[in-house]
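# Structural features, examined
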Protein chains: 2
Amino acid sequence: MSESPRQTIDVRESVLARNQRLAQENRDLFRLKGVRVLNVLSAPGSGKTSLLQRTLTDLRGQLRAGVIVGDLATDNDARRLQSPGARAVQVTTGTVCHLEAAMVSSAAAKLGLDDLDILFIENVGNLVCPAAFDLGEDVRVALMAVTEGEDKPLKYPRLFKTSNIVIITKSDMADAAGFQREQALDNLRQAAPQARVLELSARTGQGMKPWYDLLLALVQNHVG
Amino acid sequence: MSESPRQTIDVRESVLARNQRLAQENRDLFRLKGVRVLNVLSAPGSGKTSLLQRTLTDLRGQLRAGVIVGDLATDNDARRLQSPGARAVQVTTGTVCHLEAAMVSSAAAKLGLDDLDILFIENVGNLVCPAAFDLGEDVRVALMAVTEGEDKPLKYPRLFKTSNIVIITKSDMADAAGFQREQALDNLRQAAPQARVLELSARTGQGMKPWYDLLLALVQNHVG
């Protein structure tokens, strides 16, 4: 056990250093193009695609949006997100458990940034590996669904500690799931005191407005 | 992008080869000790711990069970699983996104195998990385909750393709979640035709009996 992790970590560090350099290049390009970029992370099935789908529909005409979607396999999510309000590019990572800055750079070139206000990057569904990879985003957003229990911020501390916004999703199912809201908020205060916390349901629309206000302010501050 | 993955894969392969050797050593030891071993995998919050908690309670007196639990941080799950019916050992992996055979070997030594019929290994909540690491288990079990949507088998094919049993959990919330059961079963037939599929709710107890029958048969066949 002592050898294997050490070996892994050495290479991971050089991979991470290279990723950090490329993330900075992405960040410089995004600034130059005037695009605000959000990196959206969660467990599989927490509702990343549903949140973005509703957001793109509701803010159509107010935001020019693009989406880069990461998955191991399938282009289901890009197809779900392709809409009159936005265009989407799928990155299929094969066996790689996260998006890296270099993948985002290629996908952004394919997508085109010139006419965009905002770019959403929907990461691979995974609370561990994506947390270690800066993609050059302005804002990191972590989702946790009420159906997943209250303890995720404590069990996956790195992701929550590095997120600017935490969204508690599927709030319409809180009662059905027996969600302990106060416990979850306590855990978030402990693991992610820096994060702005939102609670919403992309299905019913409940709680979406503060999210939209935040996105619009983000884009306006950038332009201003 | 072309260099970084290649570098990673080379080392991963040697890590995987070493893991495979240690997994075989685990398997030999488990056989020698007469313990049946299940590796339980799912996304974060799919209900691994709740399933095991109820299983240990309900089968107390019929099975002598141990649990090894993997998490990045906290020993919450081991505390939840420590019970009169079973003993549990927590492995905290830090930043490592999966359990490896060597971690299981150390944890099994700490747990003690002599008086056990069955050992559950609750892996780190992650549908990607744990799929690549054989732990020496007899049976690989993948969980997917009805609240996560129907497409997980297609989006995380390796895990589902390598599982002997797939358990659809939280079936009591299927209606609330708008779960498309036929679509999910179709996706499973496509991604995991080899798997026995069970549907249950650890909260209501609905559907638990086929799971218990399967565990009891597994242990009896081993002894017989």
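Just so it is clear, the model here is predicted, and its values are computed rather than measured.

## What to know about helix α8 (residues 181–191) of chain B
Residue and element names in this part refer to chain B. For α8, the complete set of buried residues consists of Ala184, Leu185, Asn187, Leu188 and Ala191. What you see down the axis of α8 is that its buried residues fit within an arc of 160°, all on one side. Buried residues along α8 sit against β5 (139–145), α5 (152–155), α6 (157–161), β6 (165–169) and β7 (196–199).

## What about the interface of chain A and chain B?
Across the boundary between the two partners, chain A contributes 44 residues, which contact 44 residues of chain B. In this structure, the connection of chain A to chain B is made through 4 salt bridges. Among the salt bridges present, the one from aspartate 71 of chain A reaches lysine 155 of chain B, with a minimum N-O distance of 3.8 Å. Mapped by element, the contributors of at least two residues to the side of chain A that touches chain B are α1 (3–33), α3 (76–81), α4 (101–111), α5 (152–155), α6 (157–161) and α7 (174–177) of chain A. The element contributing the most residues to the side of chain A that touches chain B is α1 of chain A, with 7 residues. Residues of the side of chain A that touches chain B, tallied by class, amount to 20 nonpolar, 13 polar and 11 charged.

## Re the environment of leucine 116 of chain A
All names here are of chain A. With respect to the helices and strands, leucine 116 occurs in the loop between α4 and β4 (118–122). Judged by relative accessible area, leucine 116 falls into the buried class, the value being 3%. Spatially, the C-alpha atoms of leucine 116 and valine 35 are 6.1 Å apart, while their sequence positions differ by 81 residues. If we skip the residues at most four places from it in the chain, leucine 116 touches Gly34, Val35, Arg64, Ala65, Gly66, Arg87 and Leu111.

## Looking at the sheet that holds strand β3 (residues 86–92) of chain B
Consider a sheet: its strands pair through backbone hydrogen bonds, and that pairing is either parallel or antiparallel. Residue and element names in this part refer to chain B. In space, the 7 strands of this open sheet follow the order β3-β2-β4-β1-β5-β6-β7, with parallel pairing throughout. The open sheet is flanked by β3 and β7, the only strands paired with a single partner. Neighbour-to-neighbour, the strand axes of the sheet open up by a mean angle of 20°, direction not taken into account. Relative to strand β4 (residues 118–122), strand β1 (residues 36–41) is paired through 5 bridges, and the arrangement is parallel. Bridging from a neighbouring strand, valine 37 pairs with leucine 119 of β4. The strands that helix α2 (residues 48–58) touches are β1, β2 (65–71), β3, β4, β5 and β6; relative to β4, the one it contacts most, it runs at about 160°. On top of the sheet, helix α4 (residues 101–111) reaches β2, β3 and β4; it is set at about 145° to β3, its chief contact.

What counts as what
- Residues numbered from 1 in each chain as written.
- Chains lettered and ligands numbered in written order.
- Predicted model: local features only at pLDDT ≥ 70, side-chain atom pairs only at ≥ 80, totals over all residues.
- Heavy atoms only, no water.
- Buried < 20%, exposed > 50% of the residue type's maximum accessible area, 1.4 Å probe, protein only.
- Helix = DSSP H or I, 4+ residues; strand = E, 2+ residues; numbered from the N terminus.
- Arc of directions from axis to C-beta.
- Contact = heavy atoms within 4.5 Å.
- Salt bridge = Lys/Arg side-chain N within 4 Å of Asp/Glu carboxyl O.
- Nonpolar A, V, L, I, M, F, W, Y, C, P; charged D, E, K, R; others polar.
- Pairing = 2+ DSSP bridges.
- Axes fitted to C-alpha atoms, helices over the stretch in contact; angles between N-to-C directions.

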